[in-house]
Amino acid sequence: MLVSAKEMLTKAKEGHYAVGQFNINNLEWTKAILLTAQELNSPVILGVSEGAGKYMCGYKTVVGMVNGMLESLNITVPVALHLDHGSYEGALACIDAGFSSVMFDGSHYPIEENIAKTKELVRLTGEKGISLEAEVGAIGGEEDGVVGAGECADPDECKMIADLGVTMLAAGIGNIHGKYPENWPGLSFETLDAVQKKTGKMPLVLHGGTGIPADMIKKAISLGVSKINVNTECQLAFAEATRKYIEAGKDLVGKGYDPRKLLAPGFEAIKVTVKEKMELFGSVNKA
Ligand code: 13P
């Protein structure tokens, strides 16, 4: 059964480790992440962006697929199914479809509007026992070829949003989605420290987990980060393994063209990536 992310993140914050959110794109991704979590006895959060939700034929399809897998793969570790960077409407649709966790990303709105919309979602998710992630300070990243620097959140605004009763808070600390540029100055631990001082026990979320060096991840966890999002790194691992298979001409040998064979190396590569991250984040055996 899917669970809210509240309990796993409260435990993570108290225990000074982080739970990984791994974004899913299809059946192979979902199966690879769930099996790895079970093998490592780790809690896990499956992230679904609005785009990936559309790609997978809508949120209800995703809920059906994930619930089916929890049962047929005998997954007993805590699993949350979470909307990643949701709009207000997207969050409502996921609450309705059976997600156990949603993110409302109001970081691009003026703070008053972010507060008003987040407040309404605190009420709606609270009624159903669904966890809610809010965001302050936009996460940078590449969009249409323009690489934006990650913003740093205002700690007072973080406190205002945290006090509304959200479950976890994503605060921009110079992090970026996708690959980091060569001249990236690194995470702003000064901002993170200030945000944690204002928000106390609130589990903090680090987006853009791909490519952040291990020592910075560890430091971020020591300063209150309890959820770390990883997406691009699984995509890169999957693409590389699939390319190698094709380049080696393996699809031309026997029934190597069978999708169950063709996608197997990419599937295994996702498992390896997820395992490395769970070990780094410290969530192994924390189920
Ligand atoms: P990356 O793609 O950089 O790993 O970021 C993932 C993320 O933050 C999803 O919200």
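What this report covers is the structure whose coordinates are included nearby. Quantities reported herein were computed from a predicted structural model and do not represent experimental measurements.

## Thoughts on the nonpolar core
Part 1 of the reasoning: One finds Ile33, Leu46, Val102, Leu169, Ala171 and Ile270 to be the most contacted residues of the largest nonpolar core, which totals 72 residues.
Part 2 of the reasoning: In contact with Ala171, not counting residues within four places along its chain, are Val136, Gly137, Ala153, Cys158, Val195 and Leu204.

## What about the site of the ligand?
Part 1 of the reasoning: Close contacts around the ligand come from 15 residues, with His207, Thr210, Asn229, Asn231 and Thr232 the closest.
Part 2 of the reasoning: Those elements giving two or more residues to the shell around the ligand turn out to be strand 3 (79-86), strand 11 (225-230) and helix 10 (232-247).
Part 3 of the reasoning: Grouping the amino acids of the shell around the ligand by side-chain chemistry returns 1 nonpolar, 12 polar and 2 charged.

## A word on the pairing of strand 4 (residues 101-104)
Part 1 of the reasoning: Burial along strand 4 is two-sided: Ser101 and Met103 facing one way and Val102 and Phe104 facing the other are all buried.
Part 2 of the reasoning: This β-α-β element, strand 3 to helix 5 (residues 88-97) to strand 4, shows right-handed connectivity.
Part 3 of the reasoning: In this region the chain leaves strand 4, passes through helix 6 (residues 111-128) and returns to the parallel neighbour strand 5 (residues 131-136); the handedness of that crossover is right-handed.

## Comments concerning the pairing of strand 3
Part 1 of the reasoning: Judged by how many residues are buried, strand 3 sits mostly within the fold: 8 of 8 residues are covered.
Part 2 of the reasoning: Pairing analysis gives 6 bridges linking strand 2 (residues 44-49) to strand 3, with the strands arranged parallel. Residue pairing in the sheet places Val48 in a bridge with Leu83 of strand 3.

## Description of the packing of helix 2 (residues 27-40) against helix 12 (residues 264-281)
Part 1 of the reasoning: Helix 12 packs onto helix 2 with a crossing angle of 45° between their chain directions and a minimal axis gap of 9 Å. As far as their axial angle goes, helix 12 and helix 2 are oblique. Considering how the two elements wind past one another, helix 2 and helix 12 form a crossing that is right-handed. From helix 2, Glu28, Trp29, Ala32, Ile33, Leu35, Thr36 and Leu40 reach across to helix 12, where they touch Gly266, Phe267, Ile270, Lys271, Val274, Lys275 and Met278.
Part 2 of the reasoning: Split into classes, the residues belonging to the contact of helix 2 with helix 12 amount to 9 nonpolar, 2 polar and 3 charged.

## So, the environment of Lys286
Part 1 of the reasoning: If you trace the backbone, Lys286 turns up in the segment after helix 12.
Part 2 of the reasoning: Assessed through the 20 C-beta atoms surrounding it within 10 Å, Lys286 is described here as buried.
Part 3 of the reasoning: Counting along the chain gives 244 residues from Lys286 to Ser42, while the straight-line C-alpha distance between them is 5.3 Å.
Part 4 of the reasoning: Excluding residues that lie within four positions of it along the chain, Lys286 makes contacts with Lys11, Gly15, Tyr17, Ser42 and Pro43.

## Some points on the packing of helix 2 against helix 4 (residues 59-72)
Part 1 of the reasoning: Two numbers describe how helix 2 lies on helix 4: the axes approach to 11 Å, and their chain directions differ by 40°. Seen from above, helix 2 lies across helix 4 with right-handed handedness. On helix 4, the residues touching Leu27, Thr30, Lys31 and Leu34 of helix 2 are Met65, Val66 and Met69.

## Focus: the sheet that holds strand 8 (residues 168-171)
Part 1 of the reasoning: Strand order in the closed barrel formed by 8 strands is 1-2-3-4-5-8-10-11, and the pairing between neighbours is parallel. This sheet shows a mean twist of 25° between the axes of neighbouring strands, independent of strand direction.
Part 2 of the reasoning: As paired elements, strand 3 and strand 4 share 3 bridges and run parallel to each other. By the bridge assignment, Gly86 is partnered in strand 4 with Phe104.
Part 3 of the reasoning: Together, strand 4 and strand 5 form the strand contacts of helix 6, whose direction differs from that of strand 5 by roughly 170°.

## So, helix 12
Part 1 of the reasoning: With 18 residues, helix 12 extends 26 Å between its outermost C-alpha atoms, agreeing within 8% with the 26 Å of an ideal straight helix rising 1.5 Å per residue.
Part 2 of the reasoning: Taken as a whole, helix 12 has its buried residues at Gly266, Ala269, Ile270, Thr273, Val274, Lys277, Met278 and Phe281.
Part 3 of the reasoning: Looking at the buried residues of helix 12, the elements they touch are strand 1 (19-23), helix 2, strand 11 and helix 10.
Part 4 of the reasoning: Remark: Gly282 follows helix 12 within two positions and exhibits a positive phi of approximately 85°.

## Notes on helix 6
Part 1 of the reasoning: Across its 18 residues, helix 6 extends 26 Å between first and last C-alpha, which sits within 8% of the 26 Å expected from 1.5 Å per residue.
Part 2 of the reasoning: When we look at burial in helix 6, the residues that qualify are Asn114, Thr118, Leu121 and Thr125. Down the axis of helix 6, the buried set is contained in an arc of 65°. They therefore lie on one face. What points out from helix 6, more than 90 degrees from its buried face, is the exposed set Glu112, Arg123 and Glu127.
Part 3 of the reasoning: Buried residues along helix 6 sit against helix 5, strand 4, strand 5 and helix 7 (155-162).
Part 4 of the reasoning: Two residues or fewer past helix 6, Gly129 is found with a positive phi of approximately 70°.

## Some points on the environment of Cys158
Part 1 of the reasoning: Within the fold, Cys158 resides in helix 7.
Part 2 of the reasoning: With 55 residues separating them along the chain, Cys158 and Met103 place their C-alpha atoms 15 Å apart.
Part 3 of the reasoning: Other than its neighbours up to four places away in sequence, Cys158 contacts Val136, Ala153, Leu169, Ala171, Val195, Lys198 and Thr199.

The rules we used
- Residues numbered from 1 in each chain as written.
- Predicted model: local features only at pLDDT ≥ 70, side-chain atom pairs only at ≥ 80, totals over all residues.
- Core = buried A, V, L, I, M, F, W, Y, C linked by C-beta atoms within 7 Å.
- Buried ≥ 20, exposed ≤ 12 C-beta atoms within 10 Å, placed from the backbone.
- Contact = placed C-beta atoms within 7 Å.
- Near = placed C-beta within 6 Å.
- Helix = DSSP H or I, 4+ residues; strand = E, 2+ residues; numbered from the N terminus.
- Nonpolar A, V, L, I, M, F, W, Y, C, P; charged D, E, K, R; others polar.
- Right-handed = clockwise from strand over helix to strand, strands pointing away.
- Pairing = 2+ DSSP bridges.
- Axes fitted to C-alpha atoms, helices over the stretch in contact; angles between N-to-C directions.
- Parallel < 35°, antiparallel > 145°, perpendicular 65-115°, else oblique.
- Left-handed = near helix turned anticlockwise from the far one by under 90°.
- Expected span 1.5 Å × (residues − 1).
- Arc of directions from axis to C-beta.

Remember that the coordinates give geometry; whether it matters functionally is a separate question.
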